[in-house]
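Close look at the chain arrangement
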Amino acid sequence: MGGALAGTFGSPLMVEDSAIYGSSANLYGAIYNFAGEMTLVNTTVYGNSGQYGAVQNSSGIGAPATLDVRSSTIAGNSGGPAIETYAFDGAAAATATLQNSIVSGPGQHCSIVGDNGATAELASLGHNIAGDDSCNLIDPTDFPNTNPRLGPLADNGGATMTGALLKGSPALDNGNDLACPGHDQRGLTRVDRDGNGDPGDTNPCDIGAFELQPAVLNLPPVANDQTVNVIANTPRAIPLPG
């Protein structure tokens, strides 16, 4: 089933400030949400593999499934779509929402399947990026068919692995501040943040689980001017007050 995590039958489950990577399973590489209520916030799902993709959101007979993905990054998974929302014949609805999130390849990014009239939906709440046009990104603030310019999964600080935003990423300053958490996956602030050179503190948060931080200048200490009297050929210690 789910290579790392599974939720089922109405059980609410939230994954926050986390990374799920390097998992594999015969069916769903990272997450299997069967008729459950699952939320991903500030979470990276990266480099997982399964026959039917990384994240599966599937309803059961009389049991709906919901998946809410917010300020998260789902990228670099293999074997099937990054996210699949599936409702089979006679099942209740399977619905998923995306907001302030990144979905990236290498394969098909999203799959929405409602067999024999069953209802399957994937809706954008805005400010999302996907590398193809399969994720129903129709909000004016979305970026379908867009390279998110993500770095590889790495230790970029914090307790969990992340994919950093590279220079020129469309994710920079294009999130919705009203929906962004106050910190990113690493616990670093999304407020007074930036880091891509734009002036001012009013820039919106970044899209995805990673928030680019301002560069920190590491300048050497500089001593204050002073006058020192010395005697030739006589050693003397000179304090350098900063």
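Residues numbered from 1 in each chain as written. Predicted model: local features only at pLDDT ≥ 70, side-chain atom pairs only at ≥ 80, totals over all residues. Heavy atoms only, no water.

1. Structural notes on the side chain of Asp142
For the record, the criterion: Segments assigned H or I by DSSP are reported as helices when at least four residues long, segments assigned E as strands when at least two residues long, and all are numbered from the N terminus. For every residue, the accessible area obtained with a 1.4 Å probe (protein chains only) is divided by the maximum for its type, and the residue is called buried under 20%, exposed over 50%, and partly exposed between those limits. The charge count includes Lys and Arg as positive and Asp and Glu as negative, but it does not include His or the ends of the chains. We count a salt bridge whenever a side-chain nitrogen from Lys or Arg sits within 4 Å of a carboxyl oxygen from Asp or Glu. Think of a polar contact as two N or O atoms within 3.5 Å of one another; within protein, one of them needs to be a possible hydrogen donor and the other a possible acceptor, and neighboring residues in sequence only count if both atoms come from side chains.
Inspection of the secondary structure puts Asp142 in the loop between strand E15 (129-130) and strand E16 (150-154). In this structure Asp142 is buried but unpaired, with Arg70 as the nearest side chain of opposite charge at 14 Å. In this structure the side chain of Asp142 is engaged in a polar contact, spanning 2.6 Å, whose partner is the side chain of Ser124. Polar side-chain contacts of Asp142 include one of 3.1 Å to the backbone nitrogen of His127.

2. Description of the state of the cysteines
A disulfide bridge is the covalent bond that connects two cysteines by way of their sulfur atoms. What counts, and what does not: Cysteine sulfur atoms that pair up within 2.5 Å are treated as a disulfide.
Under the defined criterion, the tally for this structure stands at 2 disulfides. Disulfide pairing is shown between Cys180 and Cys205; the S-S distance is 1.9 Å. In this structure, the disulfide formed by Cys180 and Cys205 twists by about 70° around the S-S bond and is classed as right-handed. A residue pair is termed long-range when its members are at least 10 positions apart, and Cys180 in the segment after strand E17 (162-165) and Cys205 in the segment after E17 qualify at 25 residues.

3. Notes on the sheet that holds strand E1 (residues 5-8)
Strands belonging to one sheet form pairs held by backbone hydrogen bonds; the direction of such a pair is parallel or antiparallel. To keep it simple, the criterion reads: Two strands pair under a simple rule: DSSP has to find at least two bridges between them. Every angle, taken between N-to-C directions, lies between 0 and 180 degrees, and every axis is a line fitted to C-alpha atoms, over only the stretch in contact when it is a helix.
The sheet built from 5 strands is open, its strands ordered E1-E4-E7-E10-E13 with parallel pairing. Each having just a single partner strand, E1 and strand E13 (110-114) make up the two edges of the open sheet. Across the sheet, the mean angle separating the axes of adjacent strands is 5° when strand polarity is ignored. Alignment of E1 against strand E4 (residues 31-34), held across 4 bridges, turns out to be parallel. When the sheet's bridge partners are listed, Gly7 is paired in E4 with Asn33.

4. Overview of the pattern of salt bridges
Opposite charge on two side chains permits pairing when their charged atoms draw close. This model, assessed by the stated rule, comprises 3 salt bridges. Across the pair Arg186 and Asp184 runs a salt bridge whose closest N-O atoms are separated by 2.7 Å. As far as the burial class goes, Arg186 and Asp184 line up, both buried.

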